[in-house]
Protein chains: 2
Amino acid sequence: MSDRTRDPLADASSTTADPAPDDPARRNFMLGSLAGAGAVALAGLSSSALAQAQTAPTRTTLSHHYVPASDKTVHWGYFSKQLKPLVEVDSGDFVTIETVTHHANDDADRMVKGDPGVESIFYWDKKRKGVNRRGAGPEDASLFGRGAGEGLGVHVCTGPVAVKGAQPGDVLEVRILDVKPRPSANPKYRGKAFGSNAAAWWGFHFNDQIEEPKKREVITIYEVDATGESDTARALYNFRWTPQTDPFGVVHKTIDYPGVPVDHKTIKHNWGVLKNVRVPVRPHFGVMGLAPKEADIVDSIPPSYTGGNIDNWRIGKGATMFYPVALPGALLSVGDPHAGQGDSELCGTAIECSLTGTFQLILHKASALKGTPLQALNYPLLETQTEFLVHGFSYPNYLADLGAKAQSEIYGKSSVDLALRDAFRKMRHFLMTTQNLSEDEAVSLMSVGVDFAITQVVDGNWGVHAAVKKALFVSS
Amino acid sequence: MSDRTRDPLADASSTTADPAPDDPARRNFMLGSLAGAGAVALAGLSSSALAQAQTAPTRTTLSHHYVPASDKTVHWGYFSKQLKPLVEVDSGDFVTIETVTHHANDDADRMVKGDPGVESIFYWDKKRKGVNRRGAGPEDASLFGRGAGEGLGVHVCTGPVAVKGAQPGDVLEVRILDVKPRPSANPKYRGKAFGSNAAAWWGFHFNDQIEEPKKREVITIYEVDATGESDTARALYNFRWTPQTDPFGVVHKTIDYPGVPVDHKTIKHNWGVLKNVRVPVRPHFGVMGLAPKEADIVDSIPPSYTGGNIDNWRIGKGATMFYPVALPGALLSVGDPHAGQGDSELCGTAIECSLTGTFQLILHKASALKGTPLQALNYPLLETQTEFLVHGFSYPNYLADLGAKAQSEIYGKSSVDLALRDAFRKMRHFLMTTQNLSEDEAVSLMSVGVDFAITQVVDGNWGVHAAVKKALFVSS
């Protein structure tokens, strides 16, 4: 592959976020599909309480940007306020962002081979990696010797995308207009996409296994229809993780560093697993959010007030996220694409599957939010076609809440109870501010008409979300 | 009211479970509706994996029993293996059971007045109560002085119903064929039913209030359409609990004893609360289950392995519960009827609203369960039209798990984390036994296709349920 031989440093200055507009056919297709999707999203919002805070784009021409995924456009395993934006967009603009799963190398034949962008990201020979730093740990791997960044943060994130004029105190609205699986580029698998589920050492199940050998890690490879004709995924095979030696010679006895290529000659494939099971496809972005201000480089795993690794499968097509802006430019990144997930993400991961999303970004300036439901929003808020959802975490802003050692201590301090406490407080706030309820009204409604569920218990900062159906609210 | 003046002890021997068959019109109506509902329930089950364990009734004539709710047919605040069954039914029989909310006296004008059965239950004058014991505490109220049973257990339960031939080790299947709100018997409120939501001291929100005065308890009265024309409930008014003096002269500063009549001259009605909110009606039984074997008298609040106060709003019409039988006769009781509830039951209660349910009871003998999915079932399992659900608790059988002081200690030991652990183990067991999956298959599926949510955090033994859609399983 040509990408494997080029020097990624040689053309670093050519980092471009927009090769697609050079392809008129692709661009026209995207714009055509957006017109409809955008209209639907706007119609949905205009009937909602949050529409009060909506700043309708006033420009007559909106731009559509395209951000491909490659070794030049991703940051792996961390958010950082120091990253240079790939592109700066105006409020109201559209942006299509390719995202790549950090588990693609679990089956490179299906998920990497033949795809120049993905190959550039996973490139790794004896001398260098396409993307060296993976995680927020030390670049020289002096902590554990796993590799640069130490895998303290695992997600391939595409971005950041800057929004012109965004300042701390503003709110960024991200409308997800379309989500598509990334087809396998290997001709053997035409029309199909693939994902990997890792039942890993950080899973809720891990120390509670009943079959031998205990404390095993298991990868299950799933097949997803990339043509959109089927809305279910099916498992192909699974294998137990065995020690894998990376191209630098480091042995990974467990899944302790992202992107380690699995040598399929060293593993035993169990074909036909889950053969009578069809898993609903719920394509969504496990990681989507803004750079936080509290630290220079932040582990991508624990979610927080600016979003990040929320891992709610409802953050897919037709949904809208609202994030508090912490830094100038907002700095949106997207990654950790999932083809499907259950509430709790119990074993540690979802069906990790590369996806491409198309978004519209709308900036709500703090000055325009006074007296609106979005005033002083300090948590990531989700609006789907039918529900509003707030995301509670064990620590709502763990970087601030836990102090200097927050990024390590968060992994030992989480509980669902704490996340429920936070979700309760946020839903109360949401109902009191957006629906003008008294505390007594909000509390009664939360008990009789709001559903609390477990988002995830595997991301350091555990999550509980509270969902309230829009249909509960009738106009006065 | 004639019921208020009669001596309930005088005709104790006439405790009858079946006055309704004397009313041919009512009986024919019920049997007519059952024929259709029963067929639907059977059709739904026959396509499910659990149908393997289904024992189709072989008799050609099935009986339909009717258990009204009155001071003679309810036990208040506890389960007990010592209770004499109201009726003994054969496997396959139908039974209609009236259930009454223990919160009816929050607004007696709407929920008690004119209804002889409900009036007999709540009857309370200076000398006696229609139902004296309320809770599993001491009959002489020597512990707290609140009243007989001390309110250690609060639910008005109708039953028990015995199933002929049931023995420990068997499984009782309870199909919920129909659920109807109990209309107000007060002519002023014809066609309407009412429910009460108490945001009480045991709620998850209670020590976390933001408006003054803090640590307040609030009752909200909801109206439900009893004719079935509307599927939403609306709030009418709320009031803060003020100290209420019961007819025996005991002052209840908080909601510490069930059925205390609220004197509406002492409270301030806030009309028009939640005026733009319509709450989905999800009629279900908060309490349904079998008597446990571990103690003679068991507080009705903490749910356990034989069910009880599970408080899952999906335990309504069209759903089927499977319970492990702990005692000869099984001893089914039903109570704590709810018009609606959200997952978590956050503030302490649902919309507590009297309901009448019609059930079909099917006994699965242990000897017939060998090799079937229901073999050695040791937890309450729920099947809805679209999903299978298992119920995890902080302590799966708290009476056995916590020893002699279990009934008091359970209130200080619960957590959502523990309940999630139990729900994980039960769903793994369910998938491995009913779908013949390996542990690795079950664990992967739980992460990518099973949703874990918070059932309740207010019942002493907290609950998490795991739901898997039936559509995931295709025939081999």
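Residues numbered from 1 in each chain as written. Chains lettered and ligands numbered in written order. Predicted model: local features only at pLDDT ≥ 70, side-chain atom pairs only at ≥ 80, totals over all residues. Heavy atoms only, no water.

Visitor: Can you walk me through the overall build of chain A in this structure?
Guide: Scanning chain A for helices and strands turns up nine helices and 25 strands. When contacts within chain A are restricted to residue pairs at least 6 apart in sequence, those whose partners lie at least 24 apart make up 77%. Surface accessibility of chain A: about 16900 Å² in total, with carbon and sulfur atoms responsible for 54%. (Helix = DSSP H or I, 4+ residues; strand = E, 2+ residues; numbered from the N terminus. Contact = heavy atoms within 4.5 Å. Areas by Shrake-Rupley, 256 points an atom, 1.4 Å probe, with all protein chains shown as cover.)

Visitor: Even after reading the chapter, I still don't get the packing of helix α7 (residues 416-434) of chain B against helix α8 (residues 439-449) of chain B, so can you show me in this structure?
Guide: A packed helix pair is summarised by two numbers, namely the angle formed by the two axes and the spacing between the axes. Residue and element names in this part refer to chain B. Between α7 and α8, whose axes approach to 9 Å, the crossing angle comes to 125°. By the criterion of interaxial angle, the relationship of α7 to α8 is oblique. Along this stretch, α7 crosses α8, giving a crossing that reads as right-handed. Contact with α7, carried on its side by F424, M427, R428, L431 and M432, involves E439, A442, L445 and M446 of α8 and no other residues of that element. Along the lines of polarity and charge, the residues of the contact of α7 with α8 split into seven nonpolar, no polar and two charged. (Axes fitted to C-alpha atoms, helices over the stretch in contact; angles between N-to-C directions. Parallel < 35°, antiparallel > 145°, perpendicular 65-115°, else oblique. Left-handed = near helix turned anticlockwise from the far one by under 90°. Nonpolar A, V, L, I, M, F, W, Y, C, P; charged D, E, K, R; others polar.)

Visitor: I keep staring at the pattern of salt bridges and nothing clicks. Help me out?
Guide: A side chain with one charge can pair with a side chain of the opposite charge if their charged atoms come near. Residues and elements named next belong to chain A. Counted under the stated rule, the structure contains 57 salt bridges over all chains. One salt bridge in this structure joins K470 and E383, with 2.9 Å as the shortest N-O distance. Linking K470 in the segment after β25 (463-469) with E383 in strand β22 (residues 381-383), this pair joins segments that are 87 residues apart in sequence. There is no split in this pair, since K470 and E383 are both buried. Here E387 ties to K469 by a salt bridge, and the two come within 3.2 Å at their closest N and O atoms. A residue pair is termed long-range when its members are at least 10 positions apart, and E387 in strand β23 (residues 387-393) and K469 in strand β25 qualify at 82 residues. The exposure class assigned to E387 is buried, which follows from its relative accessible area of 13%. Using a relative accessible area of 36% as the deciding quantity, one classes K469 as partly exposed. (Salt bridge = Lys/Arg side-chain N within 4 Å of Asp/Glu carboxyl O. Buried < 20%, exposed > 50% of the residue type's maximum accessible area, 1.4 Å probe, protein only.)

Visitor: What should I look at first to understand the relation of the copies chain B and chain A in this one?
Guide: Each copy of the chain is related to the other by a rotation around an axis and a translation along that axis. Its rotation angle being 180°, the transformation that places chain B on chain A also includes 0.0 Å of axial translation and leaves an RMSD of 0.0 Å. The superposition of one copy onto the other is thereby described by a two-fold rotation axis. Ranked by how close their C-alpha atoms come to the rotation axis, the residues of chain B are headed by B:A453, at 1.9 Å. A high fraction, 100%, of the interface residues of chain B reappear at the interface in chain A, so the copies pair face to face through one surface. (Least-squares fit on C-alpha atoms with pLDDT ≥ 70 in both.)

Visitor: Teacher, can you tell me more about the packing of aromatic side chains here?
Guide: For any two aromatic rings, the description comes down to two numbers: the centre-to-centre distance and the angle of the planes. Residue and element names in this part refer to chain A. Counting across every chain of the model gives 22 aromatic pairs over all chains. Centroid distance F204 to W462: 6.3 Å. Interplanar angle 65°. Geometry classified as edge-to-face. With F204 in the loop between β8 (192-199) and β9 (218-225) and W462 in the loop between β24 (451-456) and β25, the pair connects residues that are 258 residues apart, well separated along the chain. Its relative accessible area of 17% is what places W462 among the buried residues. (Phe/Tyr/Trp six-rings, centres within 6.5 Å; stacked < 30°, edge-to-face > 60°.)

Visitor: I keep staring at the environment of A:P85 and nothing clicks. Help me out?
Guide: Here A:P85 lies in the loop between β3 (78-80) and β4 (87-89). Separated by 362 residues in the primary sequence, A:P85 and A:S447 place their C-alpha atoms 43 Å from one another.

Visitor: Would you explain the interface of chain B and chain A in this entry?
Guide: One frequent convention defines the size of an interface as the accessible area lost when the parts assemble. Taken together, the contact pairs 69 residues of chain B with 70 residues of chain A. Interface of chain B and chain A: buried area, both sides summed, is about 5600 Å²; carbon and sulfur atoms make up 56% of it. Per-residue buried area on chain B facing chain A is highest for B:F204, B:S447 and B:V448; these three make up 11% of the total on that side. The tally of links between chain B and chain A comes to 12 salt bridges. (Buried area = accessible area lost by both parts, 1.4 Å probe.)

Visitor: Would you explain α7(B) in this entry?
Guide: Owing to its 3.6 residues per turn, the α-helix aligns residues three or four sequence positions apart on the same side. All names here are of chain B. Its 19 residues give α7 an end-to-end C-alpha distance of 26 Å, which sits within 8% of 27 Å, the value for a rise of 1.5 Å per residue. Burial of α7 is extensive: 14 of the 19 residues sit out of reach of the surface. N-capping of α7 is provided by S415, with a side-chain oxygen placed 3.4 Å from the backbone N of D417. Downstream of α7 by one or two residues, N436 has phi in the positive range, about 55°. (Expected span 1.5 Å × (residues − 1). Polar contact = N/O pair within 3.5 Å; in protein donor to acceptor, adjacent residues only side chain to side chain.)

Visitor: Got a minute to help me understand the pairing of strand β1 (residues 64-67) of chain A in this structure?
Guide: Two faces make up the sheet, and in a regular strand the side chains alternate between them. Residues and elements named next belong to chain A. On β1, burial covers both faces: H64 and Y66 on one face and H65 and V67 on the other are all buried. Here β1 runs beside strand β5 (residues 94-99); their pairing, made up of four bridges, is parallel. For H64, the partnering residue across the bridge sits in β5 and is F94. (Pairing = 2+ DSSP bridges.)

Visitor: Help me understand the pairing of β24(A), please; the structure alone is not making it clear to me.
Guide: Residues and elements named next belong to chain A. Among the six residues of β24, six are classified as buried, and the element is accordingly described as predominantly covered. Examined bridge by bridge, β24 and β25 share five bridges and lie antiparallel to one another. Looking at the pairing, D451 lines up with A467 of β25. Hairpin connection, β24 to β25: the antiparallel pair is bridged by six residues, and G460 has positive phi, about 75°.

Visitor: What exactly am I supposed to notice about the environment of A:F285 here?
Guide: All names here are of chain A. Within the fold, F285 resides in strand β15 (residues 284-290). As a C-alpha pair, F285 and P247 span 38 residues in sequence and 29 Å in three-dimensional space. Discounting residues that sit within four places of it in the chain, F285 has contacts with T99, I176, V179, I315, V334, G335, D336, P337, L355, T356, G357 and F359.

Visitor: Sorry, what's going on with unusual backbone geometry here?
Guide: The bulk of non-glycine residues show a negative phi, and the bulk of peptide bonds are trans. Residue and element names in this part refer to chain A. Of note, the amide linkage connecting G159 to P160 takes the cis form, showing an omega dihedral of 0°. The peptide bond linking E212 to P213 adopts the cis configuration, its omega dihedral lying at -10°. Within the secondary structure layout, P213 lies in the loop between β8 and β9. The phi dihedral of E345 falls on the positive side, at around 45°, and the residue is not glycine.

Visitor: I keep staring at the nonpolar core and nothing clicks. Help me out?
Guide: The tendency in soluble globular proteins is for nonpolar side chains to be buried as a group. Formed by 173 residues in total, the largest nonpolar core has its most connected members in A:M288, A:F452, B:M288 and B:F452. With residues up to four places along the chain from it excluded, the contact list for B:M288 reads B:V174, B:I176, B:G307, B:G308, B:I315, B:M321, B:Y323, B:L332, B:S333, B:V334 and B:F359. (Core = buried A, V, L, I, M, F, W, Y, C linked by side-chain atoms within 4.5 Å.)

Visitor: What should I look at first to understand the side chain of A:R314 in this one?
Guide: Residue and element names in this part refer to chain A. One can find R314 in the loop between β17 (307-308) and β18 (320-324). Here R314 falls in the buried class, since its relative accessible area comes to 18%. For R314, the side chain forms a polar contact with the side chain of N312, separated by 2.8 Å. A polar contact is formed between the side chain of R314 and the side chain of H465, at a distance of 3.2 Å. Filtering out sequence-adjacent residues up to four positions away, R314 remains in contact with A319, D343, L382, T384, E387, L389 and H465.

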